[in-house]
Amino acid sequence: MTETGFWRLAEADGTWTALVDVDGTEVSAGELLGRANQLANGLADLGVTKGDTVAAVLPNCREFIELYLAALQIGLIFTPINHHLVGPEIAYIVDDSEAAVFVGHEDFADAVAKAGSEIGLAPDRQFAVGAVDGFRSFEELAQGQPDTAPEGRTAGMAMHYTSGTTGRPKGVRRDLPDLDPSEMGSLYAMFMMLFGVEPFDDNVHLTGSPLYHTAVLMWTSNSLHLGHTVVLMKKWDAEEFLRLIDEHRVTTSHMVPTQFSRLLNLPEEVRSKYDVSSTRCMVHAAAPCPPEVKRRMIEWWGNSIMEYYAATEGGGTIITADEWMRKQGSVGQPWAGAEVRIYDDDGNRLGPNEIGTIYMALTQANFEYKGDSKKTEDNRIYDEDGAFFTVGDVGELDEDGYLFLRDRKIDMIISGGVNIYPSEIEGTFATNPTVGDVAVFGIPNDDWGEEVKAVIEPAPGFTPDEAYEADLRAWAEENLASYKRPRSYDFTDQMPRESTGKLFKRKLRDPYWEGRDTQIV
């Protein structure tokens, strides 16, 4: 097999273009490797050692990739943090991940500075790309460091935070492998080969979604491990996405259905300006895709449209455009090394065309939710074949082994491909003294799939008028990331709860979904 693994490839030949930054600057593999080596040596000089965590709040940019490649060649845990979060939310993840180093960006200076002031990390361990109060310059981390390989190279790993249905976000952590970084990179790269993507082969990957997403970072880094050029977008825009495909002869990208809709909504005269014939593997995931949208994308982009179903925790299925046309609505069959099963609520395995909870197994799915062994075990089933885990989605396998999603976690909201967990929003509203009770759920949105709705029972003495709603909105802006804030509010005198306190959320939610067979559209 052709050699893979970024560090190995860049050392052998540093002349190929590894990265096109958001401003169009081209970065050779040698330049990218040298910078990653400097940062790795700088981190080592700080006393950071194998198993320590580097947490980062960065936009799509060259520095994100440099830091990631530095951390993963000296055995560190790299935790990218959603840059839409507010200060206290960022601080929680930095603390919970036990970060030894925190890196932020001036684009999010207020939130980063607030988080930095809360976490108690030593000032010399906090760095910023650009200017952030109280943070050292990111340049200082690399300044004066050799651009040669750090001593004792060993593979690190990313730890992403995925919100659960209860409580705070949890880090999905796996054991660090005792491998050379390039060997680990080669293993990662094999995943893309399941989709027919080969090393080099003139491939160009376009990263249009935020790199803090698990799959987006995985596809981006794996492209580098295969010797591909990666083109970064700072912020996704439909026409700019097409322009970049045309200009760079893009072959691969990772997308969400909302982006498909935005592309299809462009005027025909705009779409026809750009040549997309170079595309080979434009995968989508993270949210259900409306069948009509997917059909139209296949008509436009052909067999390059591919889909998979997976989770941060592991496992998954894959389906090609041709397969989907035969099995419309399916998310495919398990990829190599994965297995999907359906179980009922009593733990009994179900047969074809029987609806139940989806469980997945993967050889390397030895993850745990950091600091929450109970949650890890509660989401697993063990039998003679080993351990299977679930993220709570409901579906069925047909007689040919194709998976169909029939519903999702009862409460989870998926808006524009982003998972939003109502319990976290409800818990935040519960700290507002003007709120007596609250329920949060998703309602239909033609563009985003779903949007956040809040039903509020005001605390005694508060009247649900326009001024009260305005105060709630202002309070949400201070305490919640923008994508978690309710788009609309309803008010009630009494929340529908039974005597045990259980909320009948479906009584509030179901009227918005009347006329739909499922919440997946």
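Residues numbered from 1 in each chain as written. Predicted model: local features only at pLDDT ≥ 70, side-chain atom pairs only at ≥ 80, totals over all residues. Heavy atoms only, no water.

**Considering the overall build of the protein**
The line we're drawing: In DSSP terms, a helix is any run of H or I states spanning at least four residues, a strand is any run of E spanning at least two, and both are numbered starting from the N terminus. Note on method: radius of gyration uses C-alpha positions; expected globular size equals 2.2 Å times residues raised to 0.38. Exposure classes here rest on a 1.4 Å probe applied to the protein chains alone. A residue is buried below 20% of its type maximum, exposed above 50%, and partly exposed in between. Reported accessibility uses the Shrake-Rupley method at a 1.4 Å probe radius. Residues are deemed covered only where the shown protein chains occlude them. Charge counting treats Lys and Arg as positive and Asp and Glu as negative, with His and both chain ends excluded. By convention, the point assigned to a charge is CZ for Arg, NZ for Lys, CD for Glu and CG for Asp.
Tallying secondary structure elements over the protein gives 17 helices and 29 strands in all. Computed over C-alpha atoms, the radius of gyration of the protein comes to 23 Å, within 12% of the 24 Å expected from 2.2 N^0.38 for 521 residues, which places it in the range of a compact globule. By principal-axis analysis of the C-alpha atoms, the protein measures approximately 65 × 60 × 55 Å. Counting over 521 residues, the protein shows a buried share of 57%. Total accessible area computed for the protein in this model is approximately 21,600 Å², and 46% of it derives from carbon and sulfur atoms. Computing the positive centroid from 46 side-chain charges and the negative centroid from 85, the protein places the two 2 Å apart.

**Quick word on the sheet that holds strand β6 (residues 126–129)**
This is how the line gets drawn: Two strands pair if DSSP finds at least two bridges between them.
With parallel pairing, the 6 strands of this open sheet are ordered in space as β7-β6-β5-β3-β4-β8. Whereas interior strands pair on both sides, the edge strands pair on one side only; in this sheet they are β7 (136–137) and β8 (157–158). Across 4 bridges, the pairing between strand β3 (residues 53–56) and strand β4 (residues 77–80) is parallel. By the bridge assignment, Ala55 is partnered in β4 with Thr79.

**Considering helix α10 (residues 257–264)**
What counts here: We call two residues in contact when some of their heavy atoms are within 4.5 Å.
With respect to burial, α10 is a largely interior element, 7 of its 8 residues being buried. Looking at the buried positions of α10, the neighbouring elements they touch are α9 (238–248), β13 (252–255), α11 (268–271), β14 (281–284), α12 (291–301) and β15 (305–311).

**Here's the deal with the pairing of strand β27 (residues 435–445)**
β27 sits mainly inside the fold: 9 of its 11 residues count as buried. Here 10 bridges tie β27 to strand β28 (residues 449–458), and the two strands are oriented antiparallel to one another. Looking at β28, one finds that Val438 is bridged to Ile456. Hairpin connection between β27 and β28: a loop of 3 residues separates the two successive antiparallel strands.

**What to know about the packing of aromatic side chains**
Geometrically, a pair of aromatic rings is defined through the distance of the ring centres and the angle of the planes. Note the threshold: Only centres within 6.5 Å qualify two rings of Phe, Tyr or Trp (six-membered ring in Trp) as a pair; their planes then separate them into stacked at under 30 degrees, edge-to-face at over 60, and tilted for everything else.
Per the stated rule, a full pass over the model turns up 22 aromatic pairs. Centre to centre, the rings of Phe102 and Phe135 are 5.6 Å apart; their planes meet at 70°, and the pair counts as edge-to-face. Pair noted here: Phe102 is in strand β5 (residues 99–105) and Phe135 is in the loop between β6 and β7, with a separation of 33 residues, a long-range link. Here Phe102 and Phe135 have matching classes, each one buried. Ring geometry for Phe429 against Tyr489: centres 6.3 Å apart, planes inclined by 80°, an arrangement best described as edge-to-face. On the criterion of sequence distance, the pair formed by Phe429 in helix α15 (residues 422–429) and Tyr489 in strand β29 (residues 488–491) is long-range, its members being 60 residues apart. Tyr489 shares its class with Phe429; the two are buried.

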